[in-house]
Structure formats: C-alpha cells, structure tokens
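A closer look at the structure
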Amino acid sequence: MKIILFGPQGAGKGTIAAMLVEKYRIPTLSTGQVLREAIAQKTKLGKIAEQCINKGNLVPPEIAAGIVNEAVKKEEFKKGYILDGFPRNLDQARLFDEMDKVDFLIEMTIPRELVMRRLTGRRTCRKCGAIYNIDPLCAPHPKKAGVCDKCGGELYQREDDTPDAIKKRLSIYYSETKPILDKYRKKVITVDASGTPEDNFNRIVAVLERKKGSQ
Ligand code: AP5
Ligand code: MG
C-alpha cells in the first residue's frame, strides 16, 4: 500500500506516519525529517535546506523530488510506503508522476486555531525524530521532560516552529500545496484530525481497510 499523508502543519502527519509504520510494517519518508538531518550533519544539502526551512519556505522542487526518487527505488519501498510532506506543489506532483503512483492520499484536516497550539508545544527527538508535545491539551507527552521515551535522546524545539515561520508555512500550504488535491481527487480520503492521535489513527485505519477491501 502506497500512501501520501497530506495536511496543514500540525495536522499530525508525522505522528500518524509513525503509528501506520507499526501497523502496516512499511517504511515512511518525511522529506522534512531528511532535510533536518542534513542540516544537523552540515552536509551540502543541509546548507541549502537551512536557508529555506528556518524561514518557512520550501526547498526547490528538484531537491525534494531527488530525496523521494532515491528512496522509492529502494527494495524496502517496493511493497509500500508512507510519504509525509511530499508532494507539496504542482511541480513536485509532476516530478512524482515520473517516479511512482500511490494508492491513497489521506488528507488530514484541523481547524487553524489548533495549529499554533500543536506546533508551539511540539518537541522532537534529536536522535530518532520521535514527536512529542508539552502542551497539556496536545499529545503524546514525554514520560520524562526533555527526554525521548523511545531512545533516550534529547528533545528540542524545531527552528521553524516560530510564529513567523509557522505563518509562512501555513500560507504556502493553502496557496501551493492544497491545490494539488484536485490532481489526486480519485484517491483522496479526507479525515478530521482534530481528535486524539489514537482516534485519528483508528479512523484512518478503518477507512484504509474498507478501501483496500473494495479495491
Ligand atoms: P515538514 O517537516 O514536513 O513540516 P510541516 O509540513 O510543516 O508539517 P509539520 O511536521 O509541522 O506537521 P505534522 O503534520 O507532521 O505534525 P506532527 O505530527 O509533528 O517540513 C518542514 C520544512 O521542510 C518545510 O517547511 C520546507 O521548508 C521543507 N520541506 C519538507 N518537505 C518539502 C518538500 N516536499 N518540498 C519543499 N520543501 C520541503 O504534530 C504536531 C504536534 O502536535 C506534535 O507535537 C504532536 O505531538 C502533536 N499532535 C499530533 N497529533 C495530535 C493530536 N491528534 N492531538 C493532540 N496533539 C497532537
Ligand atoms: Mg511532520
């Protein structure tokens, strides 16, 4: 099963991707996470990405497409995968057409007022990328403050989770990313993602199972 997870910043794409990986035993690829790792490792790609990401801008389409193209050729991606954060505009969607076809695009929707809350409280593990939140109304909370439950790594706040960068990212989502839904319309599954991660996960799995059964 090949899936695109789609939705505004803070919809919970990364959170749900990790849960779907456990359930379906297929890999996930977050272009954002690959770019953050490149920045941390100070590679050539990281230096280009840093200038775009921290201001909330997209990296050039051929860079994002290059990351995905390399991944989907791998053996472990052959029987299925979950894409998180790609494609994000029509140029990327066109480049992706030349690489592969997905079965479903899951559009996760949340009200705008939840976005700020989820993103300002987000903490991410520097070592394994696991996602947490310190806001009492968001989830999941790390068992020990500042420490990853899964690997013991340090939790940090993403550089692009500042109010200015969040505003920029959201405006790009609504102007450039959301319009590509039309291109995938026959494959789109829209899910309300304002509930708990478990509720959202159960809702997504229920639809996927139904759709898979009728394919
Ligand atoms: P990327 O890393 O993809 O970030 P994003 O699209 O801005 O999305 P987020 O990661 O902010 O949101 P999410 O939906 O994954 O939410 P999460 O699960 O963390 O991209 C970053 C940057 O990289 C881009 O701005 C761009 O510069 C560059 N880039 C990446 N891909 C690119 C591409 N294809 N082309 C060009 N440039 C690209 O959840 C958010 C928080 O809420 C977490 O703390 C979580 O614990 C909490 N939470 C999640 N679900 C729930 C829930 N149900 N209830 C309560 N809390 C919840
Ligand atoms: Mg994410």
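Here, every reference points to the structure presented above.
The structure contained in this document is the topic of the report that follows.

What counts as what
- Residues numbered from 1 in each chain as written.
- Chains lettered and ligands numbered in written order.
- Predicted model: local features only at pLDDT ≥ 70, side-chain atom pairs only at ≥ 80, totals over all residues.
- Heavy atoms only, no water.
- Helix = DSSP H or I, 4+ residues; strand = E, 2+ residues; numbered from the N terminus.
- Polar contact = N/O pair within 3.5 Å; in protein donor to acceptor, adjacent residues only side chain to side chain.
- Contact = heavy atoms within 4.5 Å.
- Buried < 20%, exposed > 50% of the residue type's maximum accessible area, 1.4 Å probe, protein only.
- Pairing = 2+ DSSP bridges.
- Axes fitted to C-alpha atoms, helices over the stretch in contact; angles between N-to-C directions.
- Parallel < 35°, antiparallel > 145°, perpendicular 65-115°, else oblique.
- Left-handed = near helix turned anticlockwise from the far one by under 90°.
- Nonpolar A, V, L, I, M, F, W, Y, C, P; charged D, E, K, R; others polar.
- 1 Å grid on protein atoms, 1.4 Å probe; cavity = no way out; pocket = protein on both sides within 12 Å on 5 of 7 lines; lining within 4 Å.
- Points joined across faces, edges and corners; volume = space filled by probe spheres on them.
- Near = heavy atom within 4 Å.
- Areas by Shrake-Rupley, 256 points an atom, 1.4 Å probe, with all protein chains shown as cover.
- Core = buried A, V, L, I, M, F, W, Y, C linked by side-chain atoms within 4.5 Å.

Along the chain, Ser30 turns up in strand β2 (residues 28-30). Looking at Ser30, its side chain comes within polar contact range of the main-chain nitrogen of Gln33, at 2.9 Å. Among all residues touching Ser30, those that are not within four sequence positions of it are Arg36 and Asp84.

Walk down a regular strand and you will see the side chains alternate between the two sheet faces. Burial along strand β3 (residues 81-84) is two-sided: Tyr81 and Leu83 facing one way and Ile82 and Asp84 facing the other are all buried. The sheet contact formed by strand β1 (residues 2-6) and β3 spans four bridges and is parallel. By the bridge assignment, Leu5 is partnered in β3 with Asp84. Relative to β3, β2 runs parallel, the two sharing three bridges. Within β3, the residue paired with Ser30 across the bridge is Asp84.

The subject of this paragraph is the packing of helix α2 (residues 31-40) against helix α3 (residues 44-53). Relative to each other, α2 and α3 sit at 115°, their axes nearing to 8 Å. Our classification of the angle between α2 and α3 gives roughly perpendicular. Note that α2 runs across α3; the crossing there is left-handed. Contact residues: α2 offers Leu35, Ala38 and Ile39, while α3 offers Leu45, Gly46, Ala49, Glu50 and Ile53. Looking at the contact of α2 with α3 residue by residue, the class counts come to six nonpolar, one polar and one charged.

To continue, consider the layout of surface pockets. Where empty space is left in the structure can be found by rolling a water-sized probe over the atoms. Computed from the structure, the second largest pocket encloses a volume of approximately 310 Å³. Looking at which element gives the most residues to the lining of the second largest pocket, the answer is α2, with five residues. A per-class count over the lining of the second largest pocket returns five nonpolar, four polar and seven charged.

To continue, consider empty space enclosed by the protein. For the structure shown, the criterion picks out one cavity of 30 Å³ or more. Its volume calculated, the largest cavity comes out at about 80 Å³. Listed by contribution, the elements that provide at least two residues to the lining of the largest cavity are β1 and α7 (163-177). Across the lining of the largest cavity, the residue classes break down as six nonpolar, four polar and two charged.

Moving on, we get to the site of ligand 1. Taken together, the neighbourhood of ligand 1 is formed by 37 residues, with Thr15, Asn57, Arg88, Gln92 and Arg122 sitting nearest. Between Ala139 and ligand 1, the recorded distance is 2.8 Å, taken from a backbone N or O atom to an oxygen atom. Here Pro197 contributes a backbone N or O atom positioned 3.2 Å from a nitrogen atom of ligand 1. When ligand 1 is considered free in solution it has 1000 Å² of accessible area, and contact with the protein chains removes 98% of it. Ranked by the residues each element gives to the shell around ligand 1, the list is headed by α2, at four residues.

In this section: the nonpolar core. A general tendency of soluble globular proteins is for nonpolar side chains to be buried together. Formed by 28 residues in total, the largest nonpolar core has its most connected members in Ile4, Leu83, Phe96 and Tyr184. Contributing elements (two or more residues each) for this core: β1, α2, α3, α4 (61-72), β3 and α5 (90-97). Ranked by residues supplied to this core, first place goes to α4 with seven residues. The contact partners of Ile4, leaving out residues within four places of it in the chain, are Leu83, Phe86, Pro87, Phe96, Val102, Phe104, Leu105, Ile106 and Tyr184. Counting residues in hydrophobic clusters, the runner-up holds 26 residues, among them Ile26, Phe104, Ile166 and Val205.

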